[in-house]
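Spelled out from the first residue to the last, the chains are:
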Amino acid sequence: MNISYNWLKRYIDTDLTPGQMEKVLTDIGLEVEEFEKIETVKGGLKGVVVGEVKTCIEHPDSDHLHITTVDVGQTELLPIVCGAHNCRAGLKVLCATVGAVLYPDGGDEEFKIKRSKIRGVESLGMLCAEDELGIGSDHDGIMELPQDAPVGMSAKEYLHIEDDYLIGIGLTPNRVDAASHIGVARDLAAWLRSEGHDVRVKMPDVDAFKADNHDHEVKIRIENPEAAPRYAGVTVTGCKIAPSPEWMQNALRAAGITPKNNLVDITNFVLFELGQPLHAFDLAKIEGGEVVVRTCAEGTPFTTLDGVERKLSEKDLMICSAERPMCIAGVFGGADSGINDSTTDVFLESAYFHPVWVRKTAKRHGLNTDASFRFERGVDPRMQVYALKRAALLMKELAGGQISSEITDINPAPAEDFVFEVSFSKINSLIGKVIPEDKVRTILDALEVRILKEENGVMTVAVPPYRVDVQRDADLIEDILRIYGYNNVEIPTQVRSTLSYAQKPDRNRLMNLAADFLSSNGFTEIMSNSLTKGAYYEGLESYKAENCVRLLNPLSADLNVMRQTLLFNMLEAVALNANRKNGDLKLYEFGNCYFFDESKRTEEDHLKAYSEEYRLGMVVTGMATTASWNSKPAAASFFTLRAMAEKLLRRFGIDIYSLQTEPLKSDLFGDALTMKLNGKELLQIGVVSPKIRRMVDVKQDVFFLEMNFEVLVKSTKKHKIAAEELSKFPEVKRDLALLVDKEVSFSTLREVAFSTEKKLLKQVSLFDVYEGDKLPEGKKSYALSFILLDKTRTLDDKAIERVMKNLTAQFERKCGAQVRM
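Rules of the game
Residues numbered from 1 in each chain as written. Predicted model: local features only at pLDDT ≥ 70, side-chain atom pairs only at ≥ 80, totals over all residues. Heavy atoms only, no water. 1 Å grid on protein atoms, 1.4 Å probe; cavity = no way out; pocket = protein on both sides within 12 Å on 5 of 7 lines; lining within 4 Å. Points joined across faces, edges and corners; volume = space filled by probe spheres on them. Nonpolar A, V, L, I, M, F, W, Y, C, P; charged D, E, K, R; others polar. Helix = DSSP H or I, 4+ residues; strand = E, 2+ residues; numbered from the N terminus. Core = buried A, V, L, I, M, F, W, Y, C linked by side-chain atoms within 4.5 Å. Buried < 20%, exposed > 50% of the residue type's maximum accessible area, 1.4 Å probe, protein only. Contact = heavy atoms within 4.5 Å. Polar contact = N/O pair within 3.5 Å; in protein donor to acceptor, adjacent residues only side chain to side chain. Pairing = 2+ DSSP bridges. Lys, Arg positive; Asp, Glu negative; His and termini not counted. Salt bridge = Lys/Arg side-chain N within 4 Å of Asp/Glu carboxyl O. Axes fitted to C-alpha atoms, helices over the stretch in contact; angles between N-to-C directions. Phe/Tyr/Trp six-rings, centres within 6.5 Å; stacked < 30°, edge-to-face > 60°. Parallel < 35°, antiparallel > 145°, perpendicular 65-115°, else oblique. Left-handed = near helix turned anticlockwise from the far one by under 90°. Arc of directions from axis to C-beta. Expected span 1.5 Å × (residues − 1). Patch = residues over 30% accessible without salt bridge, like charges linked within 9 Å, V, L, I, M, F, W, Y side chains within 5 Å. Areas by Shrake-Rupley, 256 points an atom, 1.4 Å probe, with all protein chains shown as cover. Charge placed at Lys NZ, Arg CZ, Asp CG, Glu CD.

## As for the layout of surface pockets
Stage number 1. In this model, the largest pocket occupies a volume close to 1200 Å³.
Stage number 2. Tallied by class, residues from the lining of the largest pocket come to 18 nonpolar, 5 polar and 13 charged.
Stage number 3. By volume, the second largest pocket amounts to about 850 Å³.
Stage number 4. In terms of lining, the second largest pocket is formed by 26 residues, of which the most central are Thr 40, Val 41, Glu 246, Asn 250 and Arg 253.
Stage number 5. For the lining of the second largest pocket, the secondary-structure elements that each account for two or more residues are helix H1 (5–8) and helix H6 (246–254).
Stage number 6. Split by residue class, the lining of the second largest pocket holds 9 nonpolar, 9 polar and 8 charged.

## Some points on empty space enclosed by the protein
Stage number 1. With the rule as written, the count across this model stands at 3 cavities of 30 Å³ or more.
Stage number 2. Lining the largest cavity are 14 residues, and of these Val 176, Asp 177, Leu 274, Gly 275 and Asp 380 sit closest to its centre.
Stage number 3. A total of 3 residues in the lining of the largest cavity trace back to one element, the largest contributor, which is helix H5 (residues 181–194).
Stage number 4. Class assignment for the residues of the lining of the largest cavity results in 6 nonpolar, 5 polar and 3 charged.

## A short note on the nonpolar core
Stage number 1. Leu 25, Ile 427 and Leu 476 are the most contacted members of the largest nonpolar core, which has 85 residues in total.
Stage number 2. At 10 residues, the largest contribution of residues to this core is made by helix H10 (residues 384–399).
Stage number 3. Setting aside its immediate chain neighbours within four residues, Leu 25 contacts Leu 30, Glu 31, Val 32, Ile 167, Ile 169, Val 184 and Leu 188.
Stage number 4. Listed in part, the 38 residues of the second largest apolar core include Val 620, Leu 659, Leu 705 and Met 707.

## Digging into the environment of Glu 110
Stage number 1. Locating Glu 110 in the fold gives a position in the loop between strand E7 (101–102) and strand E8 (111–112).
Stage number 2. Separated by 68 residues in sequence, Glu 110 and Lys 42 place their C-alpha atoms 9.5 Å apart.
Stage number 3. Leaving out residues up to four positions away in the same chain, Glu 110 has contacts with Val 101, Leu 102 and Tyr 103.
Stage number 4. Only 3.5 Å separates the side chain of Glu 110 from the side chain of Tyr 103, close enough to count as a polar contact.

## Remarks on the pairing of strand E42 (residues 779–788)
Stage number 1. Counting buried positions along E42 yields 10 of 10 residues, so the element is predominantly enclosed.
Stage number 2. Every second residue of E42 is oriented toward a common face, with Lys 779, Ser 781, Ala 783, Ser 785 and Ile 787 on one face and Lys 780, Tyr 782, Leu 784, Phe 786 and Leu 788 on the other, all of them buried.
Stage number 3. The sheet contact formed by strand E41 (residues 761–770) and E42 spans 8 bridges and is antiparallel. Its bridge partner being in E42, Val 764 is matched across the sheet by Phe 786.

## A short note on the side chain of Lys 92
Stage number 1. Relative to the helices and strands, Lys 92 is located in strand E6 (residues 92–97).
Stage number 2. For the buried Lys 92, no salt bridge is present, and the opposite-charge side chain at shortest range is Glu 52, 4.6 Å distant.
Stage number 3. Polar contacts involving the side chain of Lys 92 include one to the main-chain carbonyl oxygen of Ala 149, which spans 2.9 Å.
Stage number 4. Setting aside its immediate chain neighbours within four residues, Lys 92 contacts Gly 51, Glu 52, Met 143, Glu 144, Leu 145, Pro 146, Gln 147, Asp 148, Ala 149 and Val 151.

## A closer look at the pattern of salt bridges
Stage number 1. Considering all chains together, one arrives at 46 salt bridges under this definition.
Stage number 2. Among the salt bridges present, the one from Glu 541 reaches Lys 544, with a minimum N-O distance of 4.0 Å.
Stage number 3. The partner of Arg 642 in a salt bridge is Glu 646, with the nearest N and O atoms 3.0 Å apart. Placement of the pair is Arg 642 and Glu 646 together in helix H16 (residues 638–651), with a separation of 4 residues, close to one helical turn.

## Some remarks on the sheet that holds strand E26 (residues 450–455)
Stage number 1. Read across the open sheet, the 3 strands follow the order E25-E27-E26; overall the sheet is antiparallel. The sheet terminates laterally at strand E25 (418–423) and E26, the two strands that pair on one side only. For this sheet the average axis-to-axis angle between neighbouring strands, irrespective of direction, equals 20°.
Stage number 2. Two strands pair when backbone bridges link them, and E25 and strand E27 (residues 458–463) are joined in this way by 6 bridges, in the antiparallel orientation. Its bridge partner lying in E27, Val 422 is registered against Met 459.
Stage number 3. Contacts between helix H12 (residues 437–446) and the sheet are confined to E26 and E27, with E26 contributing the most and set at about 155° to the helix.
Stage number 4. Lying over the sheet, helix H13 (residues 473–484) contacts E25 and E27, oriented at roughly 70° with respect to E25.

## Let's talk about the packing of aromatic side chains
Stage number 1. What the rule picks out here adds up to 19 aromatic pairs.
Stage number 2. With a centroid separation of 5.8 Å and 15° between ring planes, the pair formed by Phe 35 and Tyr 165 is classed as stacked. Placement of Phe 35 in strand E2 (residues 32–38) and of Tyr 165 in strand E12 (residues 164–169) is noted, with a sequence separation of 130 residues between them.
Stage number 3. A relative accessible area of 31% places Phe 35 in the partly exposed class.
Stage number 4. Exposure remark for Tyr 165: the relative accessible area of 23% places this residue in the partly exposed category.
Stage number 5. Judged by centre distance (6.0 Å) and plane angle (85°), the ring pair of Tyr 588 and Phe 590 falls under edge-to-face.

## Considerations on the packing of helix H14 (residues 507–520) against H16
Stage number 1. Packing of H14 against H16 leaves a shortest axis separation of 11 Å and a crossing angle of 140°. What the angle tells us is that H14 and H16 run oblique. The two elements H14 and H16 meet at a crossing, and its hand is right-handed. Residues Leu 513, Ala 514, Phe 517 and Leu 518 of H14 form the contact with H16, whose own contacting residues are Met 644, Lys 647, Leu 648 and Arg 651.
Stage number 2. Per-class residue counts for the contact of H14 with H16 are 6 nonpolar, no polar and 2 charged.

## Details of helix H19 (residues 746–756)
Stage number 1. Inspection of H19 places Phe 746, Leu 749, Arg 750, Val 752 and Ala 753 among the buried residues, and these make up the whole buried set. Buried residues along H19 cover an arc of 165° about the axis, so they all sit on one side.
Stage number 2. Residues of H19 that are buried sit in contact with strand E40 (732–741), E41, E42 and helix H20 (797–815).

## Topic: the pairing of E26
Within a regular strand, the side chains alternate between the two sheet faces.
Stage number 1. Pairing of E26 with E27 involves 5 bridges; the strand directions are antiparallel. Residue Lys 453 lies in a different strand from E27, and its bridge partner there is Thr 460.

## Quick look at the sheet that holds strand E21 (residues 332–333)
Stage number 1. Spatial ordering of the open sheet is given by E13-E16-E19-E20-E21, a layout of 5 strands whose pairing is mixed. The open sheet has two edge strands, strand E13 (219–222) and E21, and neither has a second partner.
Stage number 2. The sheet contact formed by strand E20 (residues 325–328) and E21 spans 2 bridges and is antiparallel. Opposite Cys 327, over in E21, you have Gly 333 as the bridge partner.

## A closer look at helix H15 (residues 567–578)
Residues three or four positions apart in an α-helix share a direction because the helix packs 3.6 residues into each turn.
Stage number 1. Between its first and last C-alpha atoms H15 spans 16 Å; for 12 residues at 1.5 Å apiece the expected length is 16 Å, and the two agree.
Stage number 2. By the burial criterion, the buried members of H15 are Leu 567, Phe 568, Asn 569, Met 570, Leu 571, Ala 573, Val 574 and Ala 575.
Stage number 3. Looking at the buried residues of H15, the elements they touch are strand E32 (585–596), strand E33 (610–621), strand E38 (680–688), helix H17 (690–695) and strand E39 (702–708).

## Structural notes on a negative patch on the surface
Stage number 1. The grouping of Glu 31, Glu 33, Glu 34 and Glu 36 at the surface amounts to a negative patch.
Stage number 2. Residue Glu 31 is classed as partly exposed on the basis of its relative accessible area, which comes to 46%.

## Describing the environment of Leu 77
Stage number 1. Note on placement: Leu 77 falls in the loop between strand E4 (66–71) and strand E5 (78–82).
Stage number 2. In the structure, Leu 77 is positioned 297 residues away from Arg 374 in sequence and 58 Å away in space, judged by C-alpha atoms.

## Some words on the side chain of Ser 781
Stage number 1. Mapped onto the elements of the fold, Ser 781 is located in strand E42.
Stage number 2. Since its relative accessible area comes to 6%, Ser 781 is described here as buried.
Stage number 3. Reaching out from Ser 781, the side chain makes a polar contact with the side chain of Arg 820 at a distance of 3.0 Å.

See below:
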């Protein structure tokens, strides 16, 4: 929201400088995001003064130049060569002296006046035309001033040119009441009064409003009072389209609006002055002399001011004539009903439209206008008639119009004040400081909040409806505080508080850490109901039906037990997406799983039979990598999921090689593994069995992991972060290809390697596995990579060879391995 400093001072008497005003507005909650000096005339006409041409003779070497002497109020006359046809002795002019910088036509290109010689004659300035000064477009000779123009007066002072300041306020959505100059002046006056200044907002006088005749009464009919709680209108006839006066054009430019003509500019001026959007219709285009506020049939075509044809929704509120729609209410005007250069008679609209209706319509059509911005947030429901009077009087003054009807105001349910109670004790409690009661009353009065009753420290207050965001005591206390000043609430030297410490390790923090990691790696979090079908568990050995926690009064057979595993919920999500052609999925879910074990029930504690575990489930299915110009498509596999699981565990500081990995036989999986940490099962991972997939009608392969998150959380309790200096000596890498029995795992080879070389061996990795016809039956080939490092010296070939020979010997002895050459 752009506010003009000069425009604002029309409504409030204050000697605050622009810089001081910027600080005050920010302090009272209207944060200033932009502050800029605006020169009404670019360059400010510095160095341009009123001069008088004393002599004027023909230039001997030119048929159109003149040699003049000009009095600019200095001790000596200035010699200036001028080519204007109207240059003559005795003429009062505006003279740009040496050093002045002009911006012709108001453009960005500067023109600096320098001492020069023109055809052999010295010239110390320039006699200026309107366009050369950037104050007009006339170039037909130099500007001729009245004879009483005081010589030597600066052009800026003579022309009454005032610089302005643009104050850009970042309005929060709840402060639409400050989306106008009057609104900002209201807040500023409240602050000044709280500081002891007797300042009131000066509202424009509309007492002169009266109908000049009743020749053009327009009927108004509201067919949708929910969407248009208030609608008012008046006609002004006999207007003459012309440019707006300079003061109005300057004000609109400061607000970021390009002036168009006097009628359109008046509606924009009132919008930014009062915050009430107005719309001016060409009266001649209102067929039937009637305005109807209604909706139109779905798909009705309507062309807006921007020339775009739009298809209306049956939920779009329209302003119509007796025959056709003319305007999208509160959002955008129509192409065929607005003001044009031939308009003389105007119907002015001022309304309060329901914010939700306007917001939905604006969003539906992708429109965002100054009017919709305000209607969406809620304009003052009591401003409509006042705004009409203000605009009608301006049209009389600036366009020569006549008010040709009374104001028609349809307002079946006038807006009422927001009435509630607020206590001084709560004010002091929420603010954190005791504010004198008289100070509170002064601030409330300054905010136009009436105190209806005060009893036992409790006030019953009435807040005007233009403050749509102040409907309860906490809202009002916030207003009191911002006017009182956040900076006036001292920071206490003591903190009186009960300090609570998060349990360590903090499960919620670690859960968020895991969620962030998975989401950043392409997984999508889902959340599902902990209630599920009991039929899923019938016949299972992994999760027996007898261990389900059953509901006594289930809503349906599909929600009759609490889940023992996240698998079925995640398979349902896979089925839902796959059935809608979205089968490439990476999903994860955090949730509790619930168990019942009758054998654990005791006489003392029946609840011991019930338990729960917090788990993390992960699913991958479909394509892990889609086709693109630089990569081939790759289907998701067991290793896609395992790789992500290992990355996650490493993120939590788990040494994945310390996990005890074993094959898992489960009726949930085909091939699967279980991983244990410190003897406790951490996770199960595998390909979901076809039988389980058929239960939820999933046809594609699904890879599932379920982790006991509590085990992971507890494992982080002993983790410590240690730092050490980087080695000054280089690492050495050696590779080895081994032929081993199929039963021999990489983890076995890794354990043998580290038990053989404990000092120099830093890392063992597997980079290739081969099984095929070229190998003996029952054999496979592993390609291993070894990283060796001595932190005290650079390893030589002799030491490296010794280590590799020891490793080879131990692989042969303990694992029956053969080195492949």
